[in-house]
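What follows is the residue order along each chain.
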Amino acid sequence: MPATNSGAVRPAAISAEGWGWRHAGRAKPAIQGLDLRIEPGERVLLLGPSGAGKSTLLHALAGVLGDEEDDSDETGSLLIDGVTPREQRGRAGLMQQDPETQVVLSRVGDDVAFGAENLAVPRDEIWSRVHEALDDVGLRTAAGGGLALDHPTAALSGGQKQRLALAGILAMRPGLILLDEPTANLDPAGVLEVRDAVKRCVDKTGATLVVVEHRVSVWKDLVDRIVVLQPGTGSEAGTPGVLLDGPPDHVLSEARTMLMGAGVWVPGYVPATRARRNEPRTAQLLLAAQDLSVSREKPRRKGFRTIPPVPVQSGISAQVRAGQALTITGPNGAGKSTFALTLAGLLAPVDGTVSAAVELSEGVGMDPFKWKAEQLISRIGTVFQEPEHQFVTGKVLDELMFGPRHLGHGEERVDELLERLRLTHLVDANPYTLSGGEKRRLSVATVLAAHPKVLVLDEPTFGQDANTWAELASFLSELLDAGTAVVSVTHDQEFSAVLGGTELQLGPSTRTENDRQEAGAA
Amino acid sequence: MRDALNLRGNQALLTRANPLAKFGSVFLISLVLALSIDWVSASTALVAELALFPLAGLTLRLLWQRAWPLIIAAAIGGWSTAIVAADSGAVLLDVGLWSISEGSLELGLGFMLRGLAIALPAILLMTCTDPTDLADALAQKAKLPHRFVLGSLAAMRLVGLMAEEWQTIGMARRARGVGSQGSPFQRLKATLGQSFGLLVQAVRRASRLAVTMEARGFGGGQRTWARESTYSLLDVWVVLGGLVIAAGAVLAAVGAGTWSFVWR
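Counting from 1, residues in each chain are numbered in the order their sequence is written. Here chains are named by letter from A upward and ligands by number from 1 upward, in the order in which they appear as written. Since the coordinates come from a predicted model, pLDDT governs what is reported: local features require at least 70, and pairs of side-chain atoms require 80 or more to be given and counted, while whole-chain, interface and lining totals use all residues.

1. Structural notes on the domain arrangement of chain A
Residue and element names in this part refer to chain A.
Right, on to step 1. Partitioning chain A into domains gives domain 1 (2-261) and domain 2 (285-521).
Right, on to step 2. The C-alpha-based centres of domain 1 and domain 2 are spaced at 34 Å.
Right, on to step 3. A pair of residues counts as a contact when their C-beta atoms, built from backbone coordinates, are within 7 Å of each other. On the domain 2 side, the residues contacting the nine residues of domain 1 number eight residues.
Right, on to step 4. Each residue gets one label: Ala, Val, Leu, Ile, Met, Phe, Trp, Tyr, Cys and Pro are nonpolar, Asp, Glu, Lys and Arg are charged, and the others, such as Gly, are polar. Counted by class, the side of domain 1 that touches domain 2 contains four nonpolar, four polar and one charged residues. Throughout the structure description, domain borders are defined by an automatic or database domain assignment.

So this is what it looks like as structure tokens:
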């Protein structure tokens, strides 16, 4: 049923009766025995531990789950307004976690129009919807970027990309908006940006809203109902799929302990962490940045000339000391990660120097960027934001043994790391199949297996549940006490409070809009 | 790289022409130039193409920046042809094994000019054509299946993303101790590993993007187009221009008596 009339949005009703789904190639269903009714216009926050089938439910509602042909299995019924979701394109709109894959086309206006085009909305109607949707998500106000229709989507921040995705969904005039961890990959400013845009839009259209997200405090005031799915819904037949259901305050007080146990970020809850014991007053200097300019780009060739990249940030000086934490903060695009990667010997400085003290370099030269890979890992370890980027083998145990085997020592530490980071039961698993929290713990463990004196972490707590968060913070505080230097790029103030040490605040990027355009044109 | 495909700021006349008309023109010119190996037809086409630069918003500086490897390759190709081709006519330069004669110099020059004359229209086309507009034209005017065209367009956006991802994965692997140093075999192994990492990420991104597109109703039978791909009078001129350049190149070469089919 294409939404060809421009009339008001008709909020959708959801009903699930004994519904379950088993993905193709899996032995157990991802979710089963779900009985749930959501009335038109209701706003629901869906909670539950990972593996409860939240994403599967949202995908099913969006009508993008499997086909009749493959061997996935559906039980019971899941209906929107009494009809299966697959049969009504455009009735529901879905936003996923990774902002990069929420953008389809390369110009802002075209991207918003994409969904409406697919629903065969007439051309004039499409453009009036595009304008309205961009206004509604706040991308056209001066504060929101004041974007023109031909603004390149590649130049948007994560929060802007998610709001663009929301605009694309609104242009389809769906009766049901589904958000699958829409803010997990965003910094705090981006989180609020997206939350506020969602609120404005559901207030205006009255559409039904279902959000999956484990940061409850962000969404608590926006929703009027919280549904907690049974942990491990798929494990036993006959257990009800819904554990708790009701107004936010009621559910949060009823299930507070259970939710905290499941790693949900319940409002007002900061998980207990190990405190630092012996923070040294004066400590050995290991690594220093002097008047550093950084960029991810390499020098470019323009014909016969070599042109150095325009630095994203310049004039940075910092010192890394044994047993002390250094936290790098600053707004989006300030070059925090770029600085950290330069400090870690992974990017060449555009200008200025990174120099390792003799205690760190141990005779391989002052410049970490010039070190060989195996010289680097036993001195400076870097944990990337996306754990998957660092997986180099097909088994958890091999992954941990990789560094020690290359170095020829340190294999004996692996068991201790496995134990400490609760990975022992996963030694034979493929790293790519682990859960988000397990992947994070593994990526920290693999880097530490090489026993570096300096540990650099890029947004280690992004999108992590409260349990992983607490484990990570406690573990790092232990490392610090044992004399490792920890450098972390983070927006997470509670996390940096646990680690202590000094904060290096970077200002907005020194790069101008003009620089970026020029760099892009070549 | 992601922004390189963006035409923002290019206001030149040819950006407003329909991509299919431009494509047709380029095809005509390349076809004719592929038929002969003389220097007259190539240089005629080359001069005409250079004259079109302002209409496409291309400058010599921009051309050099974007296509210097191509230009150098054409020059090297021409030079080596001049050296190794069989001598005919007066010998101009003789250094032992290498010699350049009038005949071989002509052949080398023809080779170089031809390479440039065939490459230039494609560069002109890329400079003044937005990929989105090209996709619109291919689907609406050339009636190619829209699933295929729009799928390719969305995938192309991911290619730019993958270039950035390649760099990140390279750094992430160095941080694990996988270096690009060592023997050629070790380097090959490291590159293969990095490619595998990129492949995994590419597949994940692509499947998530596919879900996004499907959730926005992509893949149904009927769809409308927010941007209409239209032909205008300008497109008639574009095709005519292509015809004139192609025909001019042939006539000039036949007139000068240098036209020779490649297969002869």
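2. Quick notes on the packing of helix H2 (residues 108-118) of chain A against helix H3 (residues 123-136) of chain A
Residue and element names in this part refer to chain A.
Right, on to step 1. An axis is simply a line fitted to the C-alpha atoms; with a helix, the fit covers only the stretch in contact. Between two such axes, the angle follows the N-to-C directions and lies from 0 to 180 degrees. Under the DSSP-based scheme used, a helix requires at least four consecutive residues in state H or I and a strand at least two consecutive residues in state E, with every element numbered from the N terminus. Interhelical geometry of H2 versus H3 gives an angle of 125° and a closest axis separation of 9 Å. Regarding the angle of H2 to H3, the classification is oblique. At the point where H2 passes H3, the crossing takes the right-handed sense. For the pair H2 and H3, contact is made by Gly109, Val112, Ala113, Ala116 and Glu117 and by Ile126, Arg129, Val130, Ala133 and Leu134, respectively.
Right, on to step 2. When the residues that make up the contact of H2 with H3 are grouped by side-chain class, the tally is seven nonpolar, one polar and two charged. An angle below 35 degrees is treated as roughly parallel, one above 145 as roughly antiparallel, one from 65 to 115 as roughly perpendicular, and anything else as oblique. What makes a crossing left-handed is the near helix being turned counterclockwise from the far one by less than a right angle; a clockwise turn instead makes it right-handed.

3. Points about the UniProt feature "transmembrane region" (unreviewed entry) in chain B
Residue and element names in this part refer to chain B.
Right, on to step 1. UniProt positions are given in the numbering used here, feature names are shortened, and annotations may be inferred rather than shown by experiment. Residues given the UniProt feature "transmembrane region" (unreviewed entry) here are residues 20-39, 46-64, 70-93, 105-124 and 236-262.
Right, on to step 2. Between the first and last C-alpha atoms of residues 46-64 the distance is 15 Å; the span itself is 84% helix and 0% strand.
Right, on to step 3. Annotation note: span residues 105-124, helix share 100%, strand share 0%, distance between end C-alpha atoms 28 Å.

4. Thoughts on the interface of chain B and chain A
Right, on to step 1. Each partner contributes to the interface: chain B provides 47 residues, whereas chain A provides 61 residues.
Right, on to step 2. No other element matches the twelve residues that helix H7 (residues 184-215) of chain B contributes to the side of chain B that touches chain A.

5. A few points about the environment of Pro452 of chain A
Residue and element names in this part refer to chain A.
Right, on to step 1. Note on placement: Pro452 falls in the loop between helix H14 (436-448) and strand E17 (454-458).
Right, on to step 2. Here the alpha-carbon distance between Pro452 and Thr382, two residues 70 residues apart in the chain, equals 9.2 Å.
Right, on to step 3. Pro452 has contacts with Ile377, Ser378, Arg379, Ile380, Gly381 and Val447, leaving out every residue within four places of it along the chain.

6. Considering the environment of Lys161 of chain A
Residue and element names in this part refer to chain A.
Right, on to step 1. Within the element layout of this structure, Lys161 appears in helix H4 (residues 158-170).
Right, on to step 2. Residue class for Lys161 comes out buried when judged on the 23 C-beta atoms lying within 10 Å of it.
Right, on to step 3. Through-space distance from the C-alpha of Lys161 to that of Asn430 is 32 Å; in sequence the pair is 269 residues apart.
Right, on to step 4. Not counting chain neighbours up to four residues away, the residues in contact with Lys161 comprise Pro99, Gln102, Val103 and Leu156. The exposure scheme places C-beta atoms from the backbone and then counts, for each residue, the other C-beta atoms within 10 Å of its own, assigning buried at 20 or more, exposed at 12 or fewer, and partly exposed in between.

7. Considering the domain arrangement of chain B
Right, on to step 1. In terms of domain boundaries, chain B breaks down into domain 1 (3-130 + 232-256) and domain 2 (135-216).
Right, on to step 2. With centres defined by C-alpha atoms, the gap from domain 1 of chain B to domain 2 of chain B works out at 32 Å.

8. Some remarks on the pairing of strand E1 (residues 91-95) of chain B
Residue and element names in this part refer to chain B.
Right, on to step 1. Burial of E1 is sparse: only zero of the five residues sit out of reach of the surface.
Right, on to step 2. Across four bridges, the pairing between E1 and strand E2 (residues 98-101) is antiparallel. Bridge pairing links Val91 to Ser101 in E2. Pairing between strands is defined by DSSP: at least two bridges between them are needed.

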